[in-house]
Amino acid sequence: DVEAVRAAVRSAFGGAGPDLVIHAAAMANVDACELDPDAAYRANALGARNVALACREAGARMVYISTDYVFDGTKGAPYAEDDPVSPASVYGRSKLLGEVYVREQLHDHYVVRTSWLYGRAGRHNFVRAVLRLGREWRERRGAPIRMVADQVGGPTYTRDLAEAVWRLAQRPAYGTYHLSNAGGCSRYEFARAILDMAGYGDVPMEPVSTDAFPRPARRPAYSVLENAAWRREGFPPLRPWREALQEYLDTSCGDLLGR
């Protein structure tokens, strides 16, 4: 029931009287979204609309965390905020509709697109998955680890994203922003850097194409984000992705590295 859900969102605000709401919840499993579009649109589009409406009623500003998947990945160069959007998956389309709803319902908003997230919240992300593969290879040896080399994006440490969002929210510079660590790489290059920095340089890897791992949802071939609006506001660039990755490995992966 649509009204019941909206009422539940309003109730969650309670009497807190928030000044700022950061809406980071999403159905983020890209393949699950492809297999269940209704659930994806309920979570990613209608969910964002309900939060925006509640923010409007409460007089609160809103940050909506969106994604590089609103682009189809065919540009071949970093995407700026004003580049045409053309999502190629249900996940991307549902997140884009969430953006549209937020802009329609609430003037005081920040739409923040980011990419290839990893961080301390939760124990499942690409970095930790690669570390597990490296550890398993050392235990069993065998064939090289196969890793996709034709998907290029921008790895982003959630700590850096959170700090940037907080700094952005101190200004009434509403609109759409791209926030990702500086630089870009392929999945293969990212995985190789993870293993090398973690002391698994001896673990062999084999670059393969996306076709080697058929999945329900299409991934953008190139989705590096240019943080152009952030730069125009005078903020310093987010640090390079390799530097952020090293900090994450040093501070958050000791359980996998025996540190």
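Right, let's walk through the structure included here.

Re the packing of helix 3 (residues 37-58) against helix 4 (residues 90-105)
The angle between the axes and the distance between the axes are what describe a pair of packed helices.
At step 1: Look at helix 3 against helix 4: their axes get within 8 Å of each other, and the N-to-C directions meet at 15°. Considering their axes alone, helix 3 and helix 4 lie roughly parallel with respect to each other. As for the relative orientation of helix 3 and helix 4, their crossing is right-handed in sense. Contact residues: helix 3 offers Pro-37, Ala-40, Tyr-41, Asn-44, Ala-45, Leu-46, Ala-48, Arg-49, Ala-52, Leu-53 and Arg-56, while helix 4 offers Val-90, Tyr-91, Arg-93, Ser-94, Lys-95, Leu-97, Gly-98, Tyr-101, Val-102 and Gln-105.
At step 2: The residue makeup of the contact of helix 3 with helix 4, split by class, is 13 nonpolar, four polar and four charged.

A closer look at helix 6 (residues 158-168)
The α-helix winds at 3.6 residues per turn, so residues separated by three or four positions along the chain end up facing the same way.
At step 1: For helix 6, the full list of buried residues reads Asp-160, Leu-161, Ala-164, Val-165 and Leu-168. Looking straight down helix 6, one finds that the buried residues subtend no more than 135° of arc, so they occupy a single side.

Observations concerning the sheet that holds strand 8 (residues 175-178)
At step 1: The parallel open sheet is built from four strands, whose spatial order is 1-2-3-8. On the outer flanks of this sheet lie strand 1 (20-23) and strand 8, each paired with one strand and no other. Adjacent strand axes in the sheet meet at a mean angle of 20° when their direction is disregarded.
At step 2: Inspection of the sheet shows strand 1 paired to strand 2 (residues 61-67) by four bridges, in the parallel sense. Bridge pairing links His-23 to Tyr-64 in strand 2.
At step 3: Where helix 4 meets the sheet, its contacts fall on strand 2, strand 3 (109-114) and strand 8, and the angle it forms with strand 2 comes to roughly 160°.

Topic: the layout of surface pockets
At step 1: Estimated volume of the largest pocket: approximately 1,600 Å³.
At step 2: If you list the elements that add at least two residues to the lining of the largest pocket, you get helix 2 (30-35), strand 2, helix 4, strand 4 (117-118), helix 5 (126-140), strand 5 (145-148), helix 6 and helix 7 (187-197).
At step 3: Ranked by residue count, the leading element in the lining of the largest pocket is helix 6, at five residues.
At step 4: Within this model, the second largest pocket holds a volume of roughly 170 Å³.
At step 5: Along the wall of the second largest pocket there are 14 residues; nearest its centre are Ser-180, Ala-182, Leu-225, Asn-227 and Pro-237.

Digging into the pattern of salt bridges
At step 1: According to the stated counting rule, one finds 17 salt bridges in the structure shown.
At step 2: Here Arg-231 and Glu-226 are joined by a salt bridge, their closest N and O atoms 3.2 Å apart.
At step 3: Three or more residues are tied together by salt bridges with common partners; here these are Arg-159, Asp-160, Glu-163, Arg-239 and Glu-247.

A word on the nonpolar core
At step 1: Judged by nonpolar contacts, the single largest core of 27 residues is most densely connected at Tyr-118, Val-127, Leu-131, Phe-190, Ile-194, Tyr-200 and Leu-245.
At step 2: Those residues in contact with Leu-245 that sit more than four places away from it in its chain are Tyr-118, Val-127, Phe-190, Ala-193, Ile-194 and Met-197.
At step 3: Counting 16 residues, the second-largest nonpolar core is a separate cluster that includes Val-63, Tyr-110, Val-112 and Ala-229.

Digging into the state of the cysteines
At step 1: Under the criterion given, the structure shown has zero disulfides.
At step 2: For the unlinked cysteine Cys-185, the closest cysteine sulfur is that of Cys-253, found at 16 Å.
At step 3: For Cys-185, a relative accessible area of 2% corresponds to the buried category.

Calculation notes
Residues numbered from 1 in each chain as written. Predicted model: local features only at pLDDT ≥ 70, side-chain atom pairs only at ≥ 80, totals over all residues. Heavy atoms only, no water. Axes fitted to C-alpha atoms, helices over the stretch in contact; angles between N-to-C directions. Helix = DSSP H or I, 4+ residues; strand = E, 2+ residues; numbered from the N terminus. Parallel < 35°, antiparallel > 145°, perpendicular 65-115°, else oblique. Left-handed = near helix turned anticlockwise from the far one by under 90°. Contact = heavy atoms within 4.5 Å. Nonpolar A, V, L, I, M, F, W, Y, C, P; charged D, E, K, R; others polar. Buried < 20%, exposed > 50% of the residue type's maximum accessible area, 1.4 Å probe, protein only. Arc of directions from axis to C-beta. Pairing = 2+ DSSP bridges. 1 Å grid on protein atoms, 1.4 Å probe; cavity = no way out; pocket = protein on both sides within 12 Å on 5 of 7 lines; lining within 4 Å. Points joined across faces, edges and corners; volume = space filled by probe spheres on them. Salt bridge = Lys/Arg side-chain N within 4 Å of Asp/Glu carboxyl O. Core = buried A, V, L, I, M, F, W, Y, C linked by side-chain atoms within 4.5 Å. Disulfide = S-S within 2.5 Å.

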